[in-house]
Amino acid sequence: MKLRVLSHSLGGARAASFAVGALVGLAAGALSLFFVAAGFHQGLSLGTTIASAMFLLWTIGWLIGPIIMGGGDETLRPENFALLPLSPTKLAFGLLGASIAGVPPVATVIAFVGLVVGAALLGPLPVIVAVITVLPALAFTVLLSRVVISLIGAVLGSRRGKDLGVLLAALAGLSYLPLRYVATALVPVLLENNPGLGDTLRWLPTGWAPSAVEGAASGNWLVVIGAVLGLAVVDGGLLYAWARLLQYRLTTPQTNVGPAKARKNKAVGVRRGLLPATPTGAVLGKELRLWWRDARRRAMLLTSMLIGIFIPVFSAAGGRSGTGGAVMLPFAALWIVGFSMLQVSNLYGFDGTSVWQTIVTPGAARADVRGRQWAWGLIVGPIAILAALVLPAVVGAWWTYPWVLGVLPAILGGGAGFMLLLSVYWAFPMPVQRGGNPFNSGNRPGCTRGLVRLASMVFLLVIALPSLALLIFGQVEKLPVLSWLAVPVGVLTGAATAWWLGRLAEHRLLDRGPELLAQVKASS
């Protein structure tokens, strides 16, 4: 069933993306197989250590990947089988078998087969043990991923749980940065076959299958029996846990509605009175409430802000000297603005077919564009300005203040403009969110839209050229007045760019509204 669904869902650009992903995944699996086989060729102990490390790496990928990509493979949803006379355990067995169909599972199988290939260098008994233990080791990786994703899905069923899930998913999505530096530090230790690291990897469940092969090659059959029984027990426990979570998912309704709270009309009136009583003010209020209540929007903003902080911090941590922090960290505010613009540059895709209300209402396009710009600026702007004021002082890089404060308002205005321009020119559909992972963006933007969005990051620097010219000239001529003059120039440039790009987005919305509706209608 899953293979049939996959075959009917591939076509056009999606087939090309699938092919590229398949090539990358299969290449990664083949590379892992080569590393494991080469490790066993160098020696039994080194091969076991490398195989344990590779299995652990693939298991981490199965845990982090589904969170980043939107909650895992939902080609076959458990709800489709809710009316069939299947027990939760049988349903879990069936979905586990279906989980093996697809590119990531096949790539993982290729990687795990490296243990069999490496065992072939040791003799027939290690090969038999490798074949017996690879299957439960693969089942452990898949089952652990399914249980963790199901637990996150259960947590996301409530309003407060969604907030926790957004933070958890954002941190998981950014974990590749610290993991990269950890891997850089551990690879030399791994190749040296450090006994402490090797023993730790063997004691983890991901190291039990390689340990069994090592035990068969050295005649230690107690290790072989213990590894096989341990994998069987752990897989059984994970299967039972997944069955119970599937039962919970099929019998518990999910809701996005928080608990009702009594509010005083006076307080509500004061809050509404802070916004102008105009169409733009109404859109601004609506957008602010959406950014606060919609878990998917909060997830996008939170991720972009964390990326803006993580990249400078870990770039500094990965440098050979402390100068990296003084150079990168003060400019974190610029990263925050750039990634925030990039992440939310599909606003009408978030709205789906509700954009028709804006299209058919006379005079609504201008208010819609300006209100969205102001809402994004009021959310991202204070955070970026706070980072620009605090972070240079934290690292003692006082010289960066004119550079950060001169460029920031320019790219902030450019981001507010490009965000709307991308949303109306290169929108793409997004699925309706019904209690799922807030990072689920459904259909990807495609190669062309993705490249345009990446190019918009470069155009942000183009917008800041007047400020950069003053900063460079002031630095060369040693004229601090010219450097600080870049700040008001940046404010004027950002304001003019936001107005001009918003004007272009408004005209596009008026002229090509039906085409925009056709682009995003698949999200409903």
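Predicted model only: the values in this text are computed from it and were never measured. (Residues numbered from 1 in each chain as written. Predicted model: local features only at pLDDT ≥ 70, side-chain atom pairs only at ≥ 80, totals over all residues. Heavy atoms only, no water.)

### A word on the overall build of the protein
Piece 1. Helices and strands together make up the secondary structure of the protein, namely 24 helices and zero strands.
Piece 2. Taking all 524 residues of the protein together, the buried fraction comes to 45%.
Piece 3. When contacts within the protein are restricted to residue pairs at least 6 apart in sequence, long-range pairs at least 24 apart make up 80% of them.
Piece 4. Put simply, the protein shows about 26,000 Å² of open surface, and 72% of that area lies on carbon and sulfur atoms. (Helix = DSSP H or I, 4+ residues; strand = E, 2+ residues; numbered from the N terminus. Buried < 20%, exposed > 50% of the residue type's maximum accessible area, 1.4 Å probe, protein only. Contact = heavy atoms within 4.5 Å. Areas by Shrake-Rupley, 256 points an atom, 1.4 Å probe, with all protein chains shown as cover.)

### Observations regarding the nonpolar core
Piece 1. Counting residues in hydrophobic clusters, the biggest one holds 57 residues, and the most contacted among them are Val 337, Tyr 348, Trp 376, Val 380 and Leu 516.
Piece 2. Discounting chain neighbours no more than four positions away, the residues touching Tyr 348 are Val 355, Asp 368, Val 369, Arg 372, Leu 420, Ser 423, Val 424, Leu 509, Leu 516 and Val 520.
Piece 3. Of all hydrophobic cores here, the second largest spans 20 residues; its members include Leu 46, Ala 130, Val 213 and Leu 231. (Core = buried A, V, L, I, M, F, W, Y, C linked by side-chain atoms within 4.5 Å.)

### Regarding unusual backbone geometry
Piece 1. The backbone of Lys 478 shows a phi angle near 60°, a positive value even though the residue is not glycine.
Piece 2. Mapped onto the fold, Lys 478 is located in the loop between helix 22 (465–476) and helix 23 (480–511).

### Side note on helix 19 (residues 364–394)
Piece 1. With 31 residues, helix 19 extends 45 Å between its outermost C-alpha atoms, agreeing within 8% with the 45 Å of an ideal straight helix rising 1.5 Å per residue.
Piece 2. A bend of about 30° at Val 380 is the largest found in helix 19, and the proline Pro 382 appears one to four places after it.
Piece 3. At the exit of helix 19 stands Gly 396, carrying a positive phi of roughly 75°. (Expected span 1.5 Å × (residues − 1). Bend = angle between axes of the 7 residues up to and from the residue.)

### Points about a nonpolar patch on the surface
Piece 1. A cluster of nonpolar side chains, contributed by Leu 125, Ile 128, Ile 132, Trp 221, Ile 225 and Leu 229, occupies part of the molecular surface with about 590 Å² of accessible area.
Piece 2. Only helix 6 (124–155) and helix 11 (221–251) provide two or more residues apiece to the nonpolar patch.
Piece 3. As for its placement among the helices and strands, Ile 132 is situated in helix 6. (Patch = residues over 30% accessible without salt bridge, like charges linked within 9 Å, V, L, I, M, F, W, Y side chains within 5 Å. Salt bridge = Lys/Arg side-chain N within 4 Å of Asp/Glu carboxyl O.)

### Regarding the environment of Val 147
Piece 1. As for its position among the elements, Val 147 is in helix 6.
Piece 2. For Val 147, a relative accessible area of 8% gives the class buried.
Piece 3. In this structure, the C-alpha to C-alpha distance between Val 147 and Trp 242, residues 95 residues apart in sequence, is 5.3 Å.
Piece 4. Not counting the four nearest positions on each side in its chain, Val 147 is found in contact with Leu 238, Ala 241, Trp 242 and Leu 245.

### Notes on helix 4 (residues 88–99)
Because each turn of an α-helix spans 3.6 residues, side chains separated by three or four positions end up pointing in the same direction.
Piece 1. Spanning twelve residues, helix 4 covers 16 Å between terminal C-alpha atoms, matching the ideal 16 Å at 1.5 Å per step.
Piece 2. All of the buried residues along helix 4 are Leu 91, Ala 92, Leu 95, Leu 96, Ala 98 and Ser 99. The buried residues of helix 4 all sit within an arc of 160° when viewed along its axis, so they share a single face. Away from the buried face of helix 4 by more than 90 degrees, exposed residues Lys 90 and Phe 93 are located. (Arc of directions from axis to C-beta.)

### Structural notes on the environment of Val 458
Piece 1. Structurally, the position occupied by Val 458 is in helix 21 (residues 447–463).
Piece 2. Residue class for Val 458 comes out exposed when judged on its relative accessible area of 53%.
Piece 3. A C-alpha to C-alpha distance of 9.5 Å links Val 458 and Gly 338, two positions 120 residues apart in sequence.

### Side note on the pattern of salt bridges
Piece 1. Under the definition given, this model contains six salt bridges.
Piece 2. Note that Arg 372 is salt-bridged to Glu 287, the shortest N-O span being 3.4 Å. Note that Arg 372 is positioned in helix 19 and Glu 287 in helix 13 (residues 279–293), a separation of 85 residues in sequence.
Piece 3. Judged by its relative accessible area of 2%, Arg 372 is buried.
Piece 4. Under the relative-accessibility criterion, Glu 287 is labelled buried at 0%.
Piece 5. Asp 351 is the salt-bridge partner of Arg 372, the closest N and O atoms lying 2.3 Å from each other. Linking Arg 372 in helix 19 with Asp 351 in helix 17 (residues 347–351), this pair joins segments that are 21 residues apart in sequence. Assigned by exposure class, Arg 372 and Asp 351 land together as buried.

### Examining the confidence of the model for the protein
Piece 1. For the protein, per-residue confidence averages 77 on the pLDDT scale, and 73% of positions sit at 70 or higher.
Piece 2. Of all the helices and strands in the protein, helix 12 (residues 265–273) carries the lowest mean pLDDT, 46, while helix 23 carries the highest, 92.
Piece 3. This stretch, residues 255–270, has a pLDDT under 50; its non-local contacts, to residues over four places away or in other chains, come to nine contacts. (pLDDT = per-residue confidence, 0-100.)

### Looking at the packing of helix 10 (residues 208–218) against helix 11
Piece 1. The geometry of helix 10 relative to helix 11 is characterised by a closest axis approach of 7 Å and an angle of 160° between their N-to-C directions. As summarised for this structure, helix 10 and helix 11 are arranged roughly antiparallel, according to the angle between their axes. The handedness of the crossing between helix 10 and helix 11 is left-handed. For the pair helix 10 and helix 11, the contacting residues are Trp 208, Ala 209, Ser 211, Ala 212, Gly 215 and Ala 216 in the first and Trp 221, Val 223, Val 224, Ala 227, Gly 230, Leu 231 and Val 234 in the second. (Axes fitted to C-alpha atoms, helices over the stretch in contact; angles between N-to-C directions. Parallel < 35°, antiparallel > 145°, perpendicular 65-115°, else oblique. Left-handed = near helix turned anticlockwise from the far one by under 90°.)

### Concerning the side chain of Thr 133
Piece 1. Relative to the assigned elements, Thr 133 resides in helix 6.
Piece 2. At 2.8 Å, the side chain of Thr 133 and the backbone oxygen of Val 129 are in polar contact.
Piece 3. Contact partners of Thr 133, with chain neighbours within four places excluded, come to Leu 115, Ala 209, Ala 212, Val 228 and Leu 231. (Polar contact = N/O pair within 3.5 Å; in protein donor to acceptor, adjacent residues only side chain to side chain.)

### A closer look at the side chain of Thr 400
Piece 1. Its location among the elements puts Thr 400 in the loop between helix 19 and helix 20 (401–425).
Piece 2. In this structure Thr 400 comes out as buried when scored by relative accessible area, which is 0%.
Piece 3. A distance of 2.6 Å separates the side chain of Thr 400 from the backbone oxygen of Ala 397, its partner in a polar contact.

### Quick look at the packing of helix 20 against helix 23
Piece 1. Closest axis-to-axis distance for the helix 20/helix 23 pair is 7 Å, and the angle between their directions is 5°. Taken together, the axis directions place helix 20 and helix 23 in an arrangement best described as roughly parallel.
Piece 2. Looking at the contact of helix 20 with helix 23 residue by residue, the classes come out as 19 nonpolar, eight polar and one charged. (Nonpolar A, V, L, I, M, F, W, Y, C, P; charged D, E, K, R; others polar.)

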